[in-house]
Every structure is written in C-alpha cells, then in structure tokens.
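Analysis of the macromolecular model
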Amino acid sequence: MRVGVPTEIKVHEYRVGLTPSAVREYVARGHQVMVQSGAGAGIMATDEAYKKAGAKIVKTAEEIFAKADMVVKVKEPQPSEWVQLREGQILFTYLHLAPDPKQAKGLIKSKCTAIAYETVTDARGTLPLLAPMSEVAGRLAIEAAGEAMRRSEGGAGILLGGVPGVPAGRVCVIGGGVVGTHAARMAVGLGADVTVVDRSIPRLREIDELFHGRVRTRYSTLDTIDHEISIADAVIGAVLIPGAAAPKLVTRKMLKHMKPGSVLVDVAIDQGGCFETSKPTTHAEPTYVVDGIIHYCVANMPGAVPQTSAAALNNATLPYGLALADKGLEALHAHSEIGRGLLAGLNVHKGKVTSKAVAESLNLKFVDPEVALAE
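Just so we're clear, the structure is a prediction, and the values are computed from it rather than from any experiment.

**Quick notes on the pairing of strand β12 (residues 287-290)**
Of the two faces of β12, the one holding Y288 and V290 is buried and the one holding T287 and V289 is not buried anywhere. Sheet topology note: the β12/strand β13 (residues 293-296) ladder contains four bridges and is antiparallel. Residue V289 lies in a different strand from β13, and its bridge partner there is I294. Connecting β12 to the next strand, β13, in antiparallel fashion are two residues, including D291 with a positive phi near 50°.

Following this line, the structure appears as structure tokens:
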C-alpha cells in the first residue's frame, strides 16, 4: 500500500503522523511510504532520517493526497486538506467530529474512509490510541494551570505547591479517567491540594487506593462541582464521552462563585469542551478571560511536546496502521482484537456516518459500520 504522511498545518502543531522508526516498520512490511519534506521538523527528524528509514520525500501535501492509498496524520484534516480526500482513500488520524459539523460534512462529501484514533477500542473497551495523548495532556494541564496562575499572566499569583507556612494551591479535577488521573498525579507531585470529582464510585475507589489518600475523591453532582470550583485555584476539565460532545459541567453562572484569577483548563476542548464558556485556543494565544476567570483551552495540548507525544502516539497506532496497510478495509472485517478496534474507529465511510455518537451529536443519519462496509 502507498502510505502518505503530510506535514501538519494546524497552528503550532509539531507532531507527525509517522516517526522515522514507524516508517521503517511499514517499509519492512513491503509498503511504500511518502513523507512531505519537513513533516518531521517538529520532532527534530530530518528528511534524511526519513530517507534512511525507507521513505520517499515529496515536496507538497497535494502529492501525498493525490497518490496515497492511506493518509496518516495526527490532527483532524483542515479545510484545505479534506477537499483533497477521495473515495477509496483511508484517512487515519484524530477526527473529533462531534463538535465539528463542517469537517464532518467535508469528510462525507469526499466519500473517503475516515478512521478516528479517538474511537478505536481494545479488548477491554478502552481507547488505546487516545490514551497516550490523554496521559500527555493530563500532565500538561497542570503545567498550564501553574503558569496561568502566575500574577504576570493575569492569575491570582498562587504557587500550586505552596511553601512551608503557606497553603498549597487547590486543584479540582473533574473526571477520573486517564486525563484526570495523570493531572492528579502531576498536581500531587507538586504538592498541591487535589480533589478528583467523578460519577463512577468504583473509579473513585481506584483513585483513592492509587493515591493512598493523598487525593480527596467526591461523587459528581451539581452541588459538588459548584462547591469544589468555588474553592479551587485551578479546575481541570477531564471528562470524556467517547466520540460524543463533552457535557457542559461548569456553566457561566457558576463562574460567579469562583475566586477571581482562578484558572479553568479544558482538556475536553477537542470534543467541544466541558465548560460552557470554553472556546478553542492555540499555543500562540492559549488563554482568555471570562468574568475574571482565566480559560486555557488549547485544542492540541500534546503538540507542545512533540518528541514525547509523537513517539507515544506512534507506539500506540503502529499495529493498527500496519493492519490497515496490510489488509486495507479487510482489516476491519478481521476476527481479531485489532479488527474490532478499527471497526469501532470507523467514523465515516463512502459518505455515510458510521459512528453512532457522532451521528447523534450532529443530528445526522447513522449507518451501522458493518452495513456500510458491506454496501
């Protein structure tokens, strides 16, 4: 199969769909890999490194989209990219379609086969291709909160870990999944006063055992969230409904109860955000203020540490990408864990929406993925 890797064009996105190490694996399996010149610059990987791995270097993204049977990316295709996709072509990347009707319509019109990293599953029903970036984003969320809390950045001027004789900053993490757990881990490591809010009591038990009582756990209700954000210096939004738009758990009205200069970090912004006042920002301008509350809503947080995040992402996506390269769409029919996982990742195929969560979020017709593939 001809596999193409274009340079990411989203603002301040430095990751790359395939690292040189991953390219070598594809080439070893007999596949042709085309990489756009400069695609690996963000991870300090030169064109020469890709050539050594067996890739062909091409000058433009247009050549990638025109010739590749499968396009491997990191972020969702931008308008200039989705118009180049075509029927019979596989797109393998993060999509986050639920809050993005324009992209969804673009992919539907292209009639390509779009498989979303964030909805691919494993045998346990977890999200193995989302997890590594969730780990990175969770840890970065605390770094982002700490920086935004500085007085020079408009924050209240509180050090998360405090110092002897001075209370530590209070961090409320809404959501106890992968993002929330890693955010809590970072915050605890800095010495912050941490509370994790979640609606799963079994998960709260796991978090309590994991942190040996160093993190408070609270069951998620409107009263709980209202109280915890009112005393927090930083709130991390870490909720996830796979494939669907994130629920708005903090309303604008609730901001009035928060301390001036406190910080909201919305890690769920790729899925529309879990705060009513959230809107996507970039690494160039990461924050804005609403009612005296600082909002950090960067939609590609892991892009800030591309060497770490690209390597972690490629480790997770490699077996799935190789299966697609080896078997094409037959990989989605395979009676294997990877085949079932890829089928769950199928969001759009030949103009049909094959993710129920996406269809419901965008009020579009849902077609069962197995039915769509059989047509």
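**Here's the deal with the nonpolar core**
In this structure, V171, V194 and I236 are the most contacted members of the largest nonpolar core, which totals 76 residues. The contacts of V194, once residues within four sequence positions are left out, are V171, V173, A184, A187, V188, V215 and R216. C172, V197, M258 and I293 belong to the second-largest nonpolar core, a separate cluster that totals 23 residues.

**Digging into the environment of P242**
Position of P242 among the secondary structure elements: in the loop between β10 (234-237) and α10 (252-255). Since its relative accessible area comes to 45%, P242 is described here as partly exposed. For the pair formed by P242 and P128, sequence separation is 114 residues and the distance between their alpha carbons is 12 Å. Excluding residues that lie within four positions of it along the chain, P242 makes contacts with L127 and A357.

**Remarks on unusual backbone geometry**
Its identity as a non-glycine residue notwithstanding, M44 has a phi of 65°, on the positive side. Counting through the fold element by element, M44 comes out in the loop between β2 (32-36) and α2 (47-53). In this structure, N363 takes a positive phi of about 55° despite not being glycine.

**Some words on helix α11 (residues 306-327)**
Within an α-helix, residues lying three or four positions from one another point in the same direction, as the helix has 3.6 residues per turn. Taking 1.5 Å as the rise per residue, α11 with 22 residues should run 32 Å; its terminal C-alpha atoms sit 29 Å apart, in good agreement. Along its length, α11 reaches its greatest deviation from straightness, about 50°, at T317, and the proline P319 lies no more than four positions downstream. Downstream of α11 by a residue or two, G328 has a phi angle that is positive, lying close to 65°.

**As for the pairing of β10**
Burial along β10 is two-sided: the residues A234 and I236 and V235 and G237 are all buried. Pairing of β10 with strand β11 (residues 263-266) involves four bridges; the strand directions are parallel. Looking at the pairing, V235 lines up with L264 of β11.

**Section: the sheet that holds strand β3 (residues 56-58)**
The eight strands are arranged β3-β2-β1-β4-β5-β6-β14-β15 in an open sheet whose pairing can be described as mixed. Among the strands making up the open sheet, the edge pair consists of β3 and β15 (352-353). Of the strand pairs in this sheet, β2 and β3 are connected by three bridges, and their pairing is parallel. From the neighbouring strand, M34 faces β3, where its bridge partner is K56. In this fold helix α1 (residues 20-28) packs onto β1 (2-5), β2 and β4 (70-72), with an angle of close to 150° to the strand it touches most, β2. Relative to strand β14 (residues 346-349), helix α12 (residues 337-345) is tilted by about 60°, and along the sheet it contacts β5 (90-93), β6 (113-116) and β14.

Criteria and cut-off values
Per chain, the residues get numbers from 1 upward, laid out in the order the sequence is written. Given that this is a predicted model, residues contribute local features only at a pLDDT of at least 70 and side-chain atom pairs are listed and counted only at 80 or more, while totals for whole chains, interfaces and linings are drawn from all residues. As a convention, hydrogens and water are excluded, and side-chain values are obtained from all of the structure's heavy atoms. Note on exposure labels: buried denotes an accessible area under 20% of the residue type's maximum, exposed denotes more than 50%, and partly exposed covers the range between, all computed with a 1.4 Å probe on protein chains only. Numbering of helices and strands runs from the N terminus, with a helix taken as a DSSP run of H or I at least four residues long and a strand as a DSSP run of E at least two residues long. For two strands to be treated as a pair, DSSP must find at least two bridges joining them. The nonpolar core is taken to be a set of buried Ala, Val, Leu, Ile, Met, Phe, Trp, Tyr and Cys residues, with the residues joined through side-chain atoms within 4.5 Å. By definition, residues are in contact when any of their heavy atoms lie within 4.5 Å. Multiply 1.5 Å by the residue count of a helix minus one, and that product is the helix's expected span. Values of bend correspond, residue by residue, to the angle between axes fitted over the seven residues ending at that residue and the seven starting there. The axes used here are C-alpha line fits, helices contributing only the stretch in contact, and every angle between their N-to-C directions lies in the interval 0 to 180 degrees.

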